[in-house]
Amino acid sequence: MPSLSDLSPSVTSAPQLHRRAFFALAGGGVLVALAGCGTMRTTGEGGGASSAASGLVGKIRSSAGLSAMTADSQLERAALQQARYMAGAGRMEHTTGWGKDFSSRVSDNGIEGAAAENIAQGRMDLTRLFDMWMNSPPHRRNMLDPRFTRFGLAYVTDGKRPDWRYWALVMGK
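Computed from a prediction, not measured in an experiment: that's the story for all the values here.

Overview of the overall build of the protein chain
Then, in step 1: Scanning the protein chain for helices and strands turns up six helices and five strands.
Then, in step 2: Along the protein chain, helices (α) and strands (β) appear in the sequence α-β-α-β-α-α-β-α-α-β-β when read from the amino end.
Then, in step 3: Buried positions account for 36% of the 173 residues belonging to the protein chain.
Then, in step 4: Intrachain contacts of the protein chain at a sequence separation of at least 6 include 70% that bridge at least 24 residues.
Then, in step 5: Total accessible area on the protein chain is roughly 10000 Å²; 57% of this is exposed by carbon and sulfur atoms.

Section: the environment of Asn 135
Then, in step 1: Within the fold, Asn 135 resides in the loop between helix 5 (126–134) and helix 6 (137–143).
Then, in step 2: Reaching out from Asn 135, the side chain makes a polar contact with the backbone oxygen of Asp 131 at a distance of 2.8 Å.

So, helix 3 (residues 73–89)
At 3.6 residues per turn, the α-helix brings residues three or four places apart onto the same side.
Then, in step 1: The end-to-end C-alpha distance of helix 3, which contains 17 residues, comes to 24 Å, matching closely the 24 Å that a straight helix rising 1.5 Å per residue would cover.
Then, in step 2: For helix 3, the set of buried residues is Leu 75, Ala 78, Ala 79, Leu 80, Gln 82, Ala 83, Tyr 85, Met 86, Ala 87, Gly 88 and Ala 89.
Then, in step 3: Two or three places before Gln 74, at the opening of helix 3, Asp 72 has a side-chain oxygen 3.0 Å from that residue's backbone nitrogen.
Then, in step 4: Just past helix 3, the residue Gly 90 takes up positive phi, approximately 75°.

Considerations on the pattern of salt bridges
Then, in step 1: What the rule picks out here adds up to three salt bridges.
Then, in step 2: Across the pair Asp 72 and Arg 150 runs a salt bridge whose closest N-O atoms are separated by 2.9 Å. In this pair, Asp 72 sits in the loop between strand 2 (70–71) and helix 3 while Arg 150 sits in strand 4 (residues 150–158), placing the two residues 78 residues apart along the sequence. Each member of the pair Asp 72 and Arg 150 is classed as buried.
Then, in step 3: Of the charged contacts in the structure, one is a salt bridge between Arg 147 and Asp 145, with a shortest N-O distance of 2.7 Å.
Then, in step 4: A residue is classified by how much of its surface remains accessible, and Arg 147, at 46% relative accessible area, is partly exposed.

Parameters and conventions
- Here the residue numbering is sequential within each chain, running from 1 through the sequence in written order.
- Local features in a predicted model are, by the rule used here, given only for residues with pLDDT of at least 70; side-chain atom pairs are given and counted only at 80 or more, and totals for whole chains, interfaces and linings are based on all residues.
- As a rule here, side-chain values cover all heavy atoms of the structure and leave hydrogens and water aside.
- Strands here mean DSSP runs of E at least two residues long; helices mean DSSP runs of H or I at least four residues long; both are numbered from the N terminus.
- We call a residue buried when its accessible area falls under 20% of the maximum for its residue type, exposed when it is over 50%, and partly exposed in between, using a 1.4 Å probe and counting protein chains only.
- Pairs of residues are marked as contacts when any of their non-hydrogen atoms sit within 4.5 Å.
- Note on areas: Shrake-Rupley with a 1.4 Å probe; residue coverage comes only from the protein chains shown.
- Distance and chemistry together define a polar contact, namely a pair of N or O atoms within 3.5 Å, with one atom able to donate a hydrogen and the other to accept it when in protein, and with adjacent residues in sequence counting only for side-chain atoms on both sides.
- Residue count minus one, scaled by 1.5 Å, sets the expected span of a helix.
- A side-chain nitrogen of Lys or Arg and a carboxyl oxygen of Asp or Glu constitute a salt bridge if their distance falls within 4 Å.

Structure follows, in structure tokens:
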């Protein structure tokens with residue numbers, strides 16, 4: 001049986017090159033991840049607001065002749081994930097910096113069927129938040145979609161401005 005020193009350099013260098021390439025890529029990935037951490041902001045408190053909004057959502061839906069949506073913890077978790085991301089990033093958007101779009105987040109949370117999301121940011125209570133969404137045609141269409149029977153609402157405050165909230169509303173079947 002040949003010893004390691006009897007093997008040709010091309011045979012012994014191939015595994016070493018693969019290992020070097022692996023560690024170079026892994027090290028680069030760590031640096032990219034750490035660089036991304038520097039862009040995240042400090043977030044404040046947050047949580048689910050579905051139960052607090054149930055009456056308001058019910059009133060909006062009943063005024064359009066629709067049945068009320070029920071608060072749902074699964075949808076609230078998905079909404080809280082998005083609110084946390086937006087507060088950490090300091091911007092309002094439906095995708096996350098981790099490459100997760102809305103449909104990926106819904107799927108990852110085990111939500112099946114039709115779903116929609118409304119997002120917002122600013123100094124506002126629930127009444128002002130829902131008034132704003134009802135005065136925006138795409139957001140209004142989401143809230144009045146007869147397919148939706150459940151919803152989850154959550155917010156996270158900005159760490160430096162506790163009166164500034166990032167909101168996410170996820171609706172589904």
